[in-house]
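# Examination of the molecular architecture
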Amino acid sequence: MNSPVNSPVKDGPGASTTVAAPGSAVTGTPASRRGGRHLGPVALVVAGGLSVQFGSAVAVLLMPRAGALGVVTLRLVLAAVVLLAVCRPKVRGYSRADWGTIVAFGTAMAGMNILFYQAADRIPLGAAVTLEVLGPLILSVVASRRLANLLWAGLALGGVVLLSGGGFDRLDPAGAAFALAAGAMWAAYIVFSARTGRRFPQADGLALAMAFGAVLSLPLGIGEAGDKLLVPSTVLLGLGVALMSSVLPYTLELLALRRLPAPTFAILMSLEPAIAAAAGFLILSQALSATDALAIALVIAASMGAVRTQARAAKRQVPGATV
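Residues numbered from 1 in each chain as written. Predicted model: local features only at pLDDT ≥ 70, side-chain atom pairs only at ≥ 80, totals over all residues. Heavy atoms only, no water.

This brings us to the overall build of the chain. On a plain count of helices and strands, the chain comes out with 11 helices and 2 strands. Scanning the chain from its N terminus toward the C terminus, one meets helices and strands in the order β-β-α-α-α-α-α-α-α-α-α-α-α. Taking contacts inside the chain between residues at least 6 apart in sequence as the whole, the part at least 24 apart equals 84%. (Helix = DSSP H or I, 4+ residues; strand = E, 2+ residues; numbered from the N terminus. Contact = heavy atoms within 4.5 Å.)

Within the structure shown, the criterion is met by 1 salt bridge. For Asp 98, the salt bridge identified is with Arg 199, shortest N-O distance 2.7 Å. Remark: Arg 199 occurs in helix 6 (residues 173–199) and Asp 98 occurs in helix 2 (residues 96–120); sequence separation between them is 101 residues. (Salt bridge = Lys/Arg side-chain N within 4 Å of Asp/Glu carboxyl O.)

Bringing the packing of helix 3 (residues 125–132) against helix 6 into the picture now. Running from amino to carboxyl end, helix 3 crosses helix 6 at an angle of 45 degrees, the nearest separation of the two axes being 7 Å. Overall, the two elements helix 3 and helix 6 adopt an arrangement that is oblique. For the element pair helix 3 and helix 6, the recorded crossing hand is right-handed. Within the contact between the two elements, helix 3 uses Ala 128, Leu 131 and Glu 132 and helix 6 uses Ala 176, Ala 179, Leu 180, Ala 182, Gly 183 and Trp 186. The class makeup of the residues in the contact of helix 3 with helix 6 is 7 nonpolar, 1 polar and 1 charged. (Axes fitted to C-alpha atoms, helices over the stretch in contact; angles between N-to-C directions. Parallel < 35°, antiparallel > 145°, perpendicular 65-115°, else oblique. Left-handed = near helix turned anticlockwise from the far one by under 90°. Nonpolar A, V, L, I, M, F, W, Y, C, P; charged D, E, K, R; others polar.)

On to the confidence of the model for the chain, then. Per-residue pLDDT for the chain averages 76, and the proportion of residues at 70 or more is 76%. Note on residues 1–38: pLDDT under 50 across the span, and 71 contacts to partners over four residues away in sequence or across chains. (pLDDT = per-residue confidence, 0-100.)

To continue, consider unusual backbone geometry. For Arg 88, which is not a glycine, the phi torsion comes out positive at approximately 45 degrees. The residue Arg 88 is located in the loop between helix 1 (31–87) and helix 2 in this model. Judged by relative accessible area, which is 70%, Arg 88 ranks as exposed. (Buried < 20%, exposed > 50% of the residue type's maximum accessible area, 1.4 Å probe, protein only.)

What follows covers the packing of aromatic side chains. Taken as a whole and judged by the stated rule, the model has 5 aromatic pairs. Centroid distance Tyr 94 to Trp 99: 5.8 Å. Interplanar angle 85 degrees. Geometry classified as edge-to-face. Taken together, the ring pairs in this structure connect Tyr 94, Trp 99 and Phe 200 into an aromatic cluster. (Phe/Tyr/Trp six-rings, centres within 6.5 Å; stacked < 30°, edge-to-face > 60°.)

Time to look at the nonpolar core. One finds Met 109, Tyr 117, Tyr 189, Ile 190, Leu 206 and Met 210 to be the most contacted residues of the largest nonpolar core, which totals 77 residues. It is helix 1 that contributes the most residues to this core, 18 residues altogether. (Core = buried A, V, L, I, M, F, W, Y, C linked by side-chain atoms within 4.5 Å.)

Here we come to the packing of helix 2 against helix 7 (residues 204–225). Helix 7 packs onto helix 2 with a crossing angle of 50 degrees between their chain directions and a minimal axis gap of 7 Å. Judged by the inter-axis angle, helix 2 sits oblique to helix 7. Of the two elements, helix 2 crosses helix 7, and the hand of that crossing is right-handed. Only Gly 205, Leu 206, Leu 208, Ala 209, Met 210, Phe 212, Gly 213, Leu 216, Ser 217 and Leu 220 of helix 7 make contact with helix 2, whose side of the interface consists of Trp 99, Ile 102, Val 103, Phe 105, Gly 106, Thr 107, Met 109, Ala 110 and Ile 114. For the contact of helix 2 with helix 7, the residue count by class is 14 nonpolar, 5 polar and no charged.

A few words now on helix 6. Between its terminal C-alpha atoms helix 6 stretches 39 Å, which fits the 39 Å expected from 27 residues at 1.5 Å a residue. Two or three places before Ala 174, at the start of helix 6, stands the capping residue Asp 172, its side-chain oxygen 3.2 Å from that residue's backbone nitrogen. (Expected span 1.5 Å × (residues − 1). Polar contact = N/O pair within 3.5 Å; in protein donor to acceptor, adjacent residues only side chain to side chain.)

In structure tokens, the structure reads:
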């Protein structure tokens, strides 16, 4: 990960500023503000996770109408239209490296969505999310340089496996493979979302990457759903999926990654299966077993521990700060 202390960050074409990486010392920053900077990104990640789960519920209603690839296309195309209209990003003045980041980020988004919906079309949603989240967990192990983060990642992994109920051997092999591949793309999404947030102002980079991802998915969606994508009720549901599953969560995550290390963010992503299970209990009246409750507790404990570890690291570099 490219997150050196006091690294140059491009805020726009030709502009460059110096921003301290998470956990670095910042002269003149009050301790209370330092503590808030760690709580804020966590709230953004959790809010994004909640939004995704509600969006997934709408996507389930949409799949019989447009198919898995049709849902992905509607989600990305409509999300791109919304983001481009709101952000109105510039398209000139960026370097080749900037555009390379956009292409990689857009490809990761499209691949993550295409693969995940292929998995959800073949295996239960909870199992698909549980397998997919292994990607961010592995990223946290690979990218982290702190032993504590590796331990938290291991604890989260145990919770995710426990939440699966030991049923992975009974899953459709193709569905499980799609979910694991989606997890790999999710890890790539985290990496390039962080880089995009550093290179582009506001959500401009996200808007451009979403547009590129939409272009990639468009032939696949048209090939599967055809003119079904133009049915007004289908478009309306697709807009709901786009807003809840792409526009809002991706924007929140991009903002969070500007202030949160990628390894910690990756561990926080392990909250997704827990949020899905809780949403099933509260909205769909799906009872939680004792094993499910224990799994959720392990995942949440790991996520909280990861944030606490990062906050303590910041405290050591900022004299007088409190955690």
